[in-house]
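Here is what each chain is made of, one letter per residue.
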Amino acid sequence: MVGQRFLEALADNGVMGHARVVVLGEEPRAAYDRVHLTSYFSGTTPDELSMVEEGFIERHGIELLLDDPAAHIDRAARTVTTRAGRSVAYDVLVLATGSYPFVPPVPGKDLTGCFVYRTIEDLLAIEAYAKTATTGAVVGGGLLGLEAAGALKGLGLATHIVEFAPRLMPAQVDDGGGAALLRTIENMGLSVHTGVGTQEITGAGAVDGMLLSDGSRLTTDLVVFSAGVRPRDQLARACGLPVGERGGIVVDERCRTADPAVFAIGECALTSDGKVYGLVAPGYEMAVTAAGTIAGGLDKSFTGADMSTKLKLLGVDVASFGDAHGATEGSLDVVYTDARSGIYKKLVVSPDGTLLGGVLVGDAEMYGTLRPLTGHIPPIPCEQLVLPAGLGAPVALGPEALPDDAVICSCHNVTKGEVTPLSSLPEVKKCTRAGTGCGSCVKTLEKLLPRTGDGGLCDCFAKTRQELYEIALALRVTSYEALLDEHGRESARGGDGCEICKPAVASILASLGNGHILDGGQAALQDTNDHFLANIQRNGSYSIVPRIPGGEITPEKLIVIGEVARDHGLYTKITGGQRIDLFGARVDQLPQIWAKLVAAGFESGHAYGKSLRTVKSCVGRTWCRFGVQDSVRMAIRLELRYRGLRSPHKLKSAVSGCARECAEAQSKDFGVIATANGWNLYVGGNGGATPRHADLLAQDLSDAELVRLIDRFLMFYIRTADRLERTSVWLERIEGGLKHVKDVVVHDSLGICDELEALMAAHIDDYRDEWAETIEDPERLARFVSFVNAPGTPDPTVRFVPERGQIKPELPVLALEVAAR
């Protein structure tokens, strides 16, 4: 990574045009992102981890020699000889050899089944070996060790973490942060052993266990060593360059070694402040310093770097910044702890209130603001910066409060003052490289930047959601990539998009009937719920909601639901929308459950999607003495007509059999109330966090008139609403409001009603139950596993406890402490 950043800095300094640049690489692939290496196990491909922009090597005439590392340096002759015997002459030599994993010199460390966690090839080897293993152990509880443990857990292995220090992540967090992290990780089902060392790896040819320093033994058949790294300074030692007592190639403030023709950057370098930096941000700064020195046009020195880090380890946010351990004389701590939620926050401040550093575990949302504030007195008291809302935190401190000289992106040393003149995230990345490193600053950058002034959907599209819908409809666009490459902003084309436009485009394509929601590129655009066709719950289990139109159900179907709940141990509840909700299913159980439900005649209730949920009803005139129309029949007709209709937001409906309004139709996106002369249609209601009474669109409608107007209304809403916009908000936002909607939908003022009706007819004709199709397709079913490499292994972190004769998720016990010292 540092070597690639150096090449980019050379190009920025105009060196490439008049110099021959040769890169020797040990690995079989060009530079890739080691910071996000573990994302390989969640589906990121090695190509997607690449850090080399397409065409960069060719454009600058770089000679890239892979799989052939430097073996010997002859400083007198100024040549480098590679492992294959190739000799390369140099005028300037830059060593960016990084570091190597430290493997403790314990017996058995070379047995089959022992690995390190450093390269893509290491991960490929671990992945292959894990297919024959059941238990894994990681030696080391630091940053990389916890990532390795997460990878083994994801591969389906029961996992142990062995850390010699008394707490996890000893270099980054203090005792309180380590305790919070330990509780959270143990609640995930991992076994943690702190304060003990590895004495021996046992096995006859292959690993079968570990002996620890406290005399205990772990049974394991795979071991990953992640006990720190050491600078790769062997080339420098062999050619007589000075190295540090504990390793590292000695360099000055310009990253130059004792030989003026040789530079060293990154983890292999021992800098002028006596440190070897193991983070990417200092390496990038060294790369820029060395490139500027070589080019002769940059008066920049490297005298030290920010060691702040923010990561998500095993799904837990962990961050430290500044003087995290309170080493500054006279410093004070402000601490907040919530053991129930696994949250620990500590700020280190000076007596005058200056923020010196901090540790955040479980909730690092404020990291992007707090780290740049280090060295400044915050505009609000520090205790308000750690306390959650409701416990004394009345003021929200955003990045706009930061001074212009605050460093927002530590990877590329970019300040707030450099970011704010820019207008979009792609522009920031292009002009400053902020946000292209570890990624921890992206949220802060987005808050600093104005929303696109042109009214576009996001930084990827200059067009609104409505305009993108029209483009996809008219041009029959069927993929996100095609829409982005043809109609996205110039700066975003060929990219990956963002978290705003991807789900919005997914909704558009689904609304236009683009096949099964999990087919092709659509699957990658979906959120967790749509990705597994189920609602994820707080402990990682899922709920199942079969469709029950009108709330009407036969005894036979009730029996099937009861059998499913009994056989799979699910919590069962009748919802407020006349459906039965089954909670507590593991992801691998979903196909088994739905196979039984589909066989009994049930179909997906789409409780997980931005689509029609239910059409609620009263019993109507069939049973009620006040009823004037058959509300159950109409509710069933509407629910079956609009089932599976994807839209910008969820849709709810109801049909009341008389003006007494027992079905609460006027609090729904579209509601129907019976009259003596037919049906009244109300639209734009919302009974959620911001209740809104629906407006009357038309009255005394026949069955056919009612259905025709609802068809038009829904398709006009889908066509013109913004992303994640409920009908209630849309109706108040759209120019002309209810009058305009009535003109379009009832009176066809735009002449588009035939098209709207045709779109709805196409949806009805093309409707297929997603779960019925899924259980018949082995390729789609392959995603429904807790662990990719152990399909039959249940997730041990999904646990329940009994309550009122059923189950509920098991949660940690609350222990709350707020303290200031």
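Residues numbered from 1 in each chain as written. Predicted model: local features only at pLDDT ≥ 70, side-chain atom pairs only at ≥ 80, totals over all residues. Heavy atoms only, no water.

Some thoughts on the sheet that holds strand β5 (residues 87-89)
Strands sit in the order β3-β4-β5 across an open sheet of three strands; the sheet is antiparallel. Only two strands of the sheet have a single neighbouring strand rather than two, namely β3 (70-74) and β5. The mean inter-strand angle of the sheet, taken between neighbouring strand axes irrespective of direction, is 25°. As judged from the three bridges shared by strand β4 (residues 79-82) and β5, these two strands associate in the antiparallel manner. (Pairing = 2+ DSSP bridges. Helix = DSSP H or I, 4+ residues; strand = E, 2+ residues; numbered from the N terminus. Axes fitted to C-alpha atoms, helices over the stretch in contact; angles between N-to-C directions.)

Let's talk about the pairing of strand β23 (residues 343-349)
β23 sits mainly inside the fold: seven of its seven residues count as buried. Judged by which residues are buried, β23 turns out to be covered on both faces: I343, K345, L347 and V349 on one side and Y344, K346 and V348 on the other are all buried. Where strand β22 (residues 332-338) lies against β23, seven bridges are found, and the strand directions are antiparallel. Residue pairing for β23: D338 is matched across the bridge by I343. Across six bridges, the pairing between β23 and strand β24 (residues 355-361) is antiparallel. Bridging from a neighbouring strand, V349 pairs with L355 of β24. Turn length for the β23-β24 hairpin, with the two strands adjacent in sequence and antiparallel, is five residues, and the turn residue G353 shows positive phi of about 95°. (Buried < 20%, exposed > 50% of the residue type's maximum accessible area, 1.4 Å probe, protein only.)

So, the packing of aromatic side chains
Tallied over the entire structure, the rule returns twelve aromatic pairs. An angle of 90° between the planes, with centres 5.9 Å apart, marks the rings of Y642 and F670 as edge-to-face. In this pair, Y642 sits in helix α21 (residues 631-642) while F670 sits in strand β33 (residues 670-675), placing the two residues 28 residues apart along the sequence. Given a relative accessible area of 0%, Y642 falls into the buried group. Since its relative accessible area comes to 0%, F670 is described here as buried. (Phe/Tyr/Trp six-rings, centres within 6.5 Å; stacked < 30°, edge-to-face > 60°.)

Points about unusual backbone geometry
Keep in mind that most residues, glycine aside, have a negative phi and that most peptide bonds are trans. You will see that R476, though not glycine, has its phi angle at about 55°, which is positive. Along the chain, R476 falls in the loop between α14 (465-475) and α15 (480-487). The exposed category is assigned to R476, whose relative accessible area is 70%. In this model, E661 sits at a positive phi of 65°, which is unusual for a non-glycine residue.

Regarding the sheet that holds β33
The five strands lie next to each other as β31-β32-β33-β34-β35, forming an open sheet whose pairing is mixed. With partners counted over all chains shown, the strands left at the sheet margins are β31 (612-617) and β35 (695-701), one partner each. If you compare each strand with its neighbour and ignore which way they point, the axes differ by 15° on average. With four bridges joining them, β31 and strand β32 (residues 651-656) adopt parallel strand pairing. Its bridge partner lying in β32, S617 is registered against V655. Strands in contact with helix α24 (residues 737-745) are β34 (678-683) and β35; relative to β35, the strand with the most contacts, it is inclined by about 35°. (Contact = heavy atoms within 4.5 Å.)

Brief notes about the pattern of salt bridges
This model, assessed by the stated rule, comprises 41 salt bridges. Between E8 and R433 there is a salt bridge, and its shortest N-O distance comes to 3.3 Å. With a gap of 425 residues between them, E8 in helix α1 (residues 2-12) and R433 in the loop between α12 (425-432) and α13 (442-448) connect regions that are remote in the sequence. Here D12 ties to R433 by a salt bridge, and the two come within 2.9 Å at their closest N and O atoms. Here the residue D12 occupies a position in helix α1, and R433 occupies one in the loop between α12 and α13, the gap between them amounting to 421 residues. Residues participating in the shared-partner salt-bridge network are R5, E8, D12 and R433. (Salt bridge = Lys/Arg side-chain N within 4 Å of Asp/Glu carboxyl O.)

Notes on the packing of helix α22 (residues 703-720) against α24
In the contact formed by α22 and α24, the axes pass within 10 Å of each other and the chain directions differ by 120°. Considering the angle they form, α22 stands oblique to α24. Helix-helix and strand crossings are classified by hand; for α22 and α24 the assignment is right-handed. For the pair α22 and α24, contact is made by L709, R712, F713 and F716 and by H740, V741, V744 and V745, respectively. Of the residues in the contact of α22 with α24, the class split is six nonpolar, one polar and one charged. (Parallel < 35°, antiparallel > 145°, perpendicular 65-115°, else oblique. Left-handed = near helix turned anticlockwise from the far one by under 90°. Nonpolar A, V, L, I, M, F, W, Y, C, P; charged D, E, K, R; others polar.)

A few points about the environment of V80
By the secondary structure assignment, V80 is in strand β4. Taking the C-alpha atoms as reference points, V80 and P69, separated by eleven residues in sequence, lie 9.8 Å from one another. Apart from residues no more than four positions distant in its own chain, V80 is found in contact with L24, A70, H72, I73, R86, S87, V88, Y90 and L93.

Considering the pairing of β24
The buried count for β24 comes to seven of seven residues, which makes it a mostly enclosed element. In the sheet, strand β21 (residues 316-322) pairs with β24 via five bridges, with the strands oriented antiparallel. Counterpart to S320 in the pairing with β24 is V359.

Some remarks on the nonpolar core
Among the nonpolar cores identified, the biggest contains 60 residues, and F461 and L681 are the most heavily contacted of them. By residue number, the principal contributor to this core is α22, which donates ten residues. If sequence neighbours within four positions are ignored, F461 has contacts with G456, L468, Y480, L483, L484, H487, G488, R489, C501 and V505. (Core = buried A, V, L, I, M, F, W, Y, C linked by side-chain atoms within 4.5 Å.)

Side note on helix α20 (residues 590-599)
Restricting attention to buried positions, one finds in α20 the residues L590, P591, I593, W594 and L597. An end-on view of α20 places all buried positions within 155° of arc, on one side of the element. (Arc of directions from axis to C-beta.)

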